[in-house]
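Structure at a glance
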Amino acid sequence: MDRFILLMLASILAGFALLKVPLTGTFISGLEPITTLIGILAIVIFSLFLIFKGLMGLLGK
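The rules behind the values
- Residues numbered from 1 in each chain as written.
- Predicted model: local features only at pLDDT ≥ 70, side-chain atom pairs only at ≥ 80, totals over all residues.
- Heavy atoms only, no water.
- Phe/Tyr/Trp six-rings, centres within 6.5 Å; stacked < 30°, edge-to-face > 60°.
- Helix = DSSP H or I, 4+ residues; strand = E, 2+ residues; numbered from the N terminus.
- Buried < 20%, exposed > 50% of the residue type's maximum accessible area, 1.4 Å probe, protein only.
- Contact = heavy atoms within 4.5 Å.

A complete count under the given rule lists 1 aromatic pair for this structure. Considering the side-chain rings of Phe4 and Phe49, the 5.8 Å spacing of their centres and the 85 degrees angle between planes classify their relative orientation as edge-to-face. Highlighted residues: Phe4 in helix α1 (residues 2–20) and Phe49 in helix α2 (residues 32–59), separated in sequence by 45 residues.

It is worth spelling out the side chain of Ser11 at this point. Mapped onto the elements of the fold, Ser11 is located in helix α1. A residue is classified by how much of its surface remains accessible, and Ser11, at 16% relative accessible area, is buried. Setting aside its immediate chain neighbours within four residues, Ser11 contacts Ala42 and Phe46.

Rendered as structure tokens:
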């Protein structure tokens, strides 16, 4: 279970990395809105999942 939680934390960090990656001046600069959207979704989804798992752990399920 600990590896699973660490994987979720790594996914959140990857989402932050996608938000901070500078794409201006590269050939994939047109994909910047897509990478931003994917980064935001990764952060929100995995954070909500960790909150859910924490609440389930507190409630004993």
